[in-house]
Amino acid sequence: MAAQGRKTNWFAIWVSVAVVVALVLVAVLVVSLNNSSDAPGEPPQASNIDATTGAILVGDGDQTMDTYIDFMCPICNQFEQVYGEPIQALVDDGTITLGIHPIAILDHLSQGTEYSTRSANAMYCVAVADADASVPFMQAMFANQPAESSTGLTDAQILEIAGSVGVSGIDACVNDGTYSKFVADMTEQTPIQPSQAGIATPTIAINGEAIDNTDLPASDQLATLFQ
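Okay, so let's go over this structure. (Residues numbered from 1 in each chain as written. Predicted model: local features only at pLDDT ≥ 70, side-chain atom pairs only at ≥ 80, totals over all residues. Heavy atoms only, no water.)

1. Notes on the overall build of the protein chain
Across its full length, the protein chain carries seven helices and six strands. When the elements of the protein chain are put in sequence order from the N terminus, they spell out α-β-β-β-α-β-α-α-α-α-α-β-β. Looking at the protein chain as a whole, 49% of its 227 residues qualify as buried. Residue pairs at least 24 apart in sequence account for 75% of intrachain contacts in the protein chain once pairs closer than 6 positions are excluded. (Helix = DSSP H or I, 4+ residues; strand = E, 2+ residues; numbered from the N terminus. Buried < 20%, exposed > 50% of the residue type's maximum accessible area, 1.4 Å probe, protein only. Contact = heavy atoms within 4.5 Å.)

2. Details of the sheet that holds strand β3 (residues 63-69)
The strand order across the open sheet built from six strands is β1-β2-β4-β3-β5-β6, with neighbouring strands paired in mixed fashion. Two strands close off the open sheet at either side, each with one partner strand: β1 (49-50) and β6 (209-211). The pairing of strand β2 (residues 55-58) with strand β4 (residues 96-102) spans three bridges and is antiparallel. Counted as the bridge partner of leucine 57 is glycine 99 from β4. Seen against the sheet, helix α2 (residues 74-92) touches β2, β3, β4 and β5 (203-206) and runs at an angle of roughly 150° to β4. The strands that helix α3 (residues 115-129) touches are β1, β2 and β4; relative to β4, the one it contacts most, it runs at about 135°. (Pairing = 2+ DSSP bridges. Axes fitted to C-alpha atoms, helices over the stretch in contact; angles between N-to-C directions.)

3. A word on the pattern of salt bridges
Any two side chains of opposite charge can pair, given that their charged atoms come close. On inspection of all chains with the given rule, the structure shows two salt bridges. With a shortest N-O distance of 2.7 Å, aspartate 155 and arginine 118 are connected by a salt bridge. Here aspartate 155 is found in helix α5 (residues 155-164), whereas its partner arginine 118 is found in helix α3, with 37 residues between them in sequence. The pair formed by aspartate 155 and arginine 118 is uniform in burial state, with each residue classed as buried. A salt bridge links lysine 181 to aspartate 185, with the nearest nitrogen and oxygen atoms 2.6 Å apart. Here aspartate 185 and lysine 181 lie together in helix α7 (residues 180-188), a separation of four residues that amounts to about one turn. Here aspartate 185 falls in the buried class, since its relative accessible area comes to 17%. (Salt bridge = Lys/Arg side-chain N within 4 Å of Asp/Glu carboxyl O.)

4. Observations regarding the nonpolar core
One finds Ile100, Phe137 and Ile170 to be the most contacted residues of the largest nonpolar core, which totals 60 residues. At eight residues, the largest contribution of residues to this core is made by α3. Look past the residues within four positions of isoleucine 170 in its chain and what remains in contact with it is Cys125, Val126, Ala129, Leu159 and Ala162. (Core = buried A, V, L, I, M, F, W, Y, C linked by side-chain atoms within 4.5 Å.)

5. Let's talk about the side chain of serine 116
Locating serine 116 in the fold gives a position in helix α3. Beyond its immediate stretch of four places on either side in the chain, serine 116 contacts Asp70, Met72, Ile103, Ala104, Ile105, Leu106 and Asp107.

6. A look at the packing of α3 against α5
With their axes 11 Å apart at the nearest point, α3 and α5 run at an angle of 30° to one another. Judged by the angle between their axes, α3 and α5 are roughly parallel. In this structure, the crossing between α3 and α5 has a hand that is right-handed. For the pair formed by α3 and α5, the contact residues are Tyr115, Arg118, Ser119, Ala122 and Val126 on the first element and Asp155, Ile158 and Ala162 on the second. When the residues that make up the contact of α3 with α5 are grouped by side-chain class, the tally is five nonpolar, one polar and two charged. (Parallel < 35°, antiparallel > 145°, perpendicular 65-115°, else oblique. Left-handed = near helix turned anticlockwise from the far one by under 90°. Nonpolar A, V, L, I, M, F, W, Y, C, P; charged D, E, K, R; others polar.)

7. Structural notes on the state of the cysteines
Scanning the model with the defined rule gives one disulfide in all. Linked covalently through their sulfurs, cysteine 125 and cysteine 173 form a disulfide whose S-S length is 2.0 Å. Taking the sign of the S-S torsion, about -85° here, the bridge from cysteine 125 to cysteine 173 comes out left-handed. Of this pair, cysteine 125 sits in helix α3 while cysteine 173 is found in helix α6 (residues 171-175), placing the two residues 48 residues apart along the sequence. Here cysteine 125 and cysteine 173 have matching classes, each one buried. (Disulfide = S-S within 2.5 Å.)

8. A short note on the packing of helix α4 (residues 134-143) against α5
Packed helix pairs are characterised by how far apart their axes lie and by the angle those axes make with each other. Between α4 and α5, the shortest axis-to-axis distance is 9 Å and the interhelical angle comes to 130°. On the basis of their axis angle, the class for α4 and α5 is oblique. Crossing hand, α4 versus α5: right-handed. Where α4 abuts α5, its residues Phe137, Ala140 and Met141 lie against Ile158, Ile161 and Ala162. For the contact of α4 with α5, the residue count by class is six nonpolar, no polar and no charged.

Purely geometric stuff here, so don't read any function into it on its own.
Here it is in structure tokens:
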């Protein structure tokens, strides 16, 4: 059986290409956080959100998988395409509780519109309004992901995407950036991957410990992380 060799982990290859970019983002993030207000952001109030960690919780398994994502990050999109279904399967069979952390480290790549912050804020707006819509909204946002260095989606377009997964009545939350400061606070708490010098996306934590993305198994072997 060993002669068949291991499957090529294309996600690990994509991550390796993105490492240099993550290092550059460290300085940008530090400057942004130093310029922000010291006042804590308003936390989302919902049973499916951990206001301390910022995790949008999906499932109720004993083991945990936390994903830290930026909606402008193409590698995050690739991660979702490769691992989204296996992760959902682990949620559905009761193995894990998934914690989704929408963070913002790529605002500087949206021509001043702060798309990363706005889209992360919108994810919280959706999660508060309808817990079951959290994952479908995330998937739809990635399906409509704008290119880096573009202006990103407008708030109106984000609201249309929310509507496409059955969520309405969050216009003020999205347009006013209700959880924007909370997003900044939670971004600062993102764990550092073992091979990184600063915050990068996507970051994956298994049972509370951040892992190196290059150590992720092939998608059909994801369950081995919890054995």
